[in-house]
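Residue-level structural notes
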Amino acid sequence: MPSTTRSTHSRRSAVLLASTACLVLTTVPPAAASPEAGAPTPEVTASPEVTASPEVTASPEVTASPEVTASPEVIVLPGASSAEGIARGEGSTFYAGDLFLGDVFRGDLEAGTAELFIDAPDGRLALGMAADTRRDLLVVAGGFTGQAYVYDLSSGDTVATYQFAPPSPPDADPPTTLVNDVALTWAGAWFTDSRRGVLYFVPIDCDGIPGEFRTLTLHGPAADTSGLFNLNGIAAARHGETLVVANGAQGELYTVDPETGDSAVIAGVSVPEVDGIVLDHDRLWAVQNSDRVTEVRLSADLTAGRVEEVITSDLFQVPTTAIRYEGRLAVVNAKFDTGIPPTADEYEVVLVHD
């Protein structure tokens, strides 16, 4: 079985001893555990009173315990030519993109299945994405095209297309624009651009109608574009009052004020080659192209963080983005180690415990 490795930081020795004592129990894979701590035990009744020469009857047939289906470790995106972004939908539904074709797959994390959902028009790309289940929309970053797309989450139809910046010429070195990732707030969608010190905002009203976009100029460390690919992952904190962004070139996390564009470093965190991020209250997972996911515990004021653990897996192959579901992370393998565009035979989502 492929192994998942965790490196844990700042644990007290008492916790370490307790964890070691429980190692045999906590490392049993889901497939080995009975559902709900085992099938209910049938009620035991007293043996009948014994009379002279009783007739001997056969013992009741023992039935097998219900079969336990193991959670999938890998979900293949059938027919994908590449992969990069992922979004969580309702329940166990997820969406994942074909980076260089722009197509979107829809899958089920419990069933371990995926199928083509949106056959995108020629010329589109699909990088980071987010599903707005309240307003029934899927928003997708368009990479080197300088674009972003809004799709109907039920039908897959295109609702809106945005041209944030002129497309990067094919021969541009470095690229001039790379609309890379997106995060949702109650007011709309925020996009990063890895080649420009700005964020783009698309307002979305309560009826799910997207409006005209605006560009927010950044100030402070988040405005740094000295690297090849800079701002990447993005998440909304405090109900959208603060944004958290990741810089892959610097290996840093920043907070951004969405009103002013002012930014600040989140101290104490180093995550080289960070790509997408997942934020859940004070816990943040940074997906790194170096085949690891780093969990960070953030301070209440978001000014600092500390590394809690580093998750690695034999199944990782240049992971880029992730979502969280029922104590697990669903991580996309982009396989950029095979080239850009990549040339792997298949692309998949890998599930690991968070």
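Residues numbered from 1 in each chain as written. Predicted model: local features only at pLDDT ≥ 70, side-chain atom pairs only at ≥ 80, totals over all residues. Heavy atoms only, no water.

A word on the overall build of the chain
Definition in use: Helix numbers and strand numbers start at the N terminus; a helix is a DSSP run of H or I with at least 4 residues, a strand a run of E with at least 2. With a 1.4 Å probe rolled over the protein chains alone, any residue whose accessible area is under 20% of its type maximum counts as buried; one over 50% counts as exposed, and the rest are partly exposed. Contacts are residue-level and defined by heavy atoms, with any inter-residue pair within 4.5 Å sufficient. Note that accessible areas follow from Shrake-Rupley with a 1.4 Å probe, and for residues the cover is restricted to the protein chains shown.
Across its full length, the chain holds 2 helices and 25 strands. For the chain, the proportion of its 354 residues judged to be buried stands at 47%. Once local pairs closer than 6 in sequence are excluded, the contacts in the chain between residues at least 24 apart make up 48%. Of the roughly 17600 Å² of accessible surface on the chain, 52% is carried by carbon and sulfur atoms.

Quick look at the nonpolar core
Quick reminder of the rule: In these notes, a set of buried Ala, Val, Leu, Ile, Met, Phe, Trp, Tyr and Cys residues joined through side-chain atoms within 4.5 Å is what counts as a nonpolar core.
The biggest cluster of nonpolar side chains holds 22 residues, and the ones touching the most others in it are Val 139, Phe 164, Phe 191 and Tyr 200. Breaking this core down by element, the ones donating at least two residues are β8 (137-141), β9 (147-152), β10 (158-163), β11 (179-184), β12 (188-193) and β13 (198-203). In this view, Tyr 200 contacts Phe 164, Ala 165, Thr 177, Val 179, Ala 189, Trp 190, Phe 191, Asp 193, Phe 213, Arg 214 and Thr 215; residues no more than four positions away in its chain are not counted. Grouped together as the second largest cluster of nonpolar side chains are 17 residues, Leu 77, Ile 86, Leu 109 and Ile 323 included.

With respect to the environment of Leu 116
Relative to the assigned elements, Leu 116 resides in strand β6 (residues 113-118). Overall, Leu 116 belongs to the partly exposed group, its relative accessible area being 44%. Each C-alpha atom of the pair Leu 116 and Ala 96 lies 9.4 Å from the other, and the pair is 20 residues apart in sequence. If sequence neighbours within four positions are ignored, Leu 116 has contacts with Asp 103, Val 104 and Phe 105.

Some remarks on the packing of aromatic side chains
Note the following rule: Between the rings of Phe, Tyr and Trp (Trp by its six-membered ring), a pair exists once the centres lie within 6.5 Å; its type follows the angle of the planes, with under 30 degrees stacked, over 60 edge-to-face, and the other angles tilted.
Across all of its chains, the model carries 9 aromatic pairs by this definition. Here the aromatic rings of Tyr 149 and Tyr 151 are separated by 6.4 Å at their centres, their planes lie at 45 degrees, and the arrangement is tilted. By the burial criterion, Tyr 149 is buried, and Tyr 151 matches it. With centroids separated by 4.4 Å and ring planes inclined at 15 degrees, the aromatic side chains of Phe 164 and Tyr 200 adopt a geometry described as stacked. Of this pair, Phe 164 sits in the loop between β10 and β11 while Tyr 200 is found in strand β13, placing the two residues 36 residues apart along the sequence.

Digging into the confidence of the model for the chain
Where the model shows low pLDDT, its predicted coordinates should not be examined in detail. Rules: pLDDT is a residue-level measure of predictor confidence that goes from 0 to 100.
Put simply, the chain has an average pLDDT of 86, and 80% of its residues get 70 or more. Overall, residues 10-70 carries pLDDT values under 50, and its contacts beyond four positions in sequence, including any with other chains, amount to 14 contacts.

Notes on the environment of Phe 117
Within the secondary structure, Phe 117 sits in strand β6. With sequence-adjacent residues up to four places away left out, Phe 117 is seen in contact with Tyr 95, Val 104, Phe 105, Arg 106, Asp 152, Leu 153, Ser 154, Ser 155 and Gly 156.

Here's the deal with the side chain of Lys 335
Secondary-structure assignment places Lys 335 in the loop between β24 (328-333) and β25 (348-353). Note on Lys 335: relative accessible area 7%, which makes it buried. Apart from the residues within four sequence positions on either side, Lys 335 is in contact with Gln 317, Val 318, Pro 342, Ala 344, Glu 346, Tyr 347 and Glu 348.

Observations concerning the pattern of salt bridges
Filter applied, for reference: Here, a salt bridge means any side-chain nitrogen of Lys or Arg that lies within 4 Å of a carboxyl oxygen of Asp or Glu.
As enumerated under the stated definition, the model contains 9 salt bridges in all. When the shortest N-O distance is used, the salt bridge between Glu 110 and Arg 328 registers 3.7 Å. In this pair, Glu 110 is assigned in the loop between β5 (104-108) and β6 and Arg 328 in strand β24, connecting sequence segments 218 residues apart. Residue Glu 110 is classed as partly exposed on the basis of its relative accessible area, which comes to 43%.

Digging into the pairing of β24
Just so we agree on the cut-off: DSSP bridges decide pairing: two strands pair if at least two such bridges lie between them.
Counting buried positions along β24 yields 6 of 6 residues, so the element is predominantly enclosed. Side chains Arg 328, Ala 330 and Val 332 of β24 all project onto a buried face; the interleaved residues Leu 329, Val 331 and Asn 333 project onto the opposite face, where all are buried too. Here strand β23 (residues 319-325) pairs with β24 via 5 bridges, running antiparallel. Residue pairing for β24: Ala 322 is matched across the bridge by Val 331. Hairpin connection, β23 to β24: the antiparallel pair is bridged by 2 residues, and Glu 326 has positive phi, about 50 degrees. With 5 bridges connecting them, β24 and β25 associate as antiparallel partners. What sits directly across from Val 331, in β25, is Val 350.

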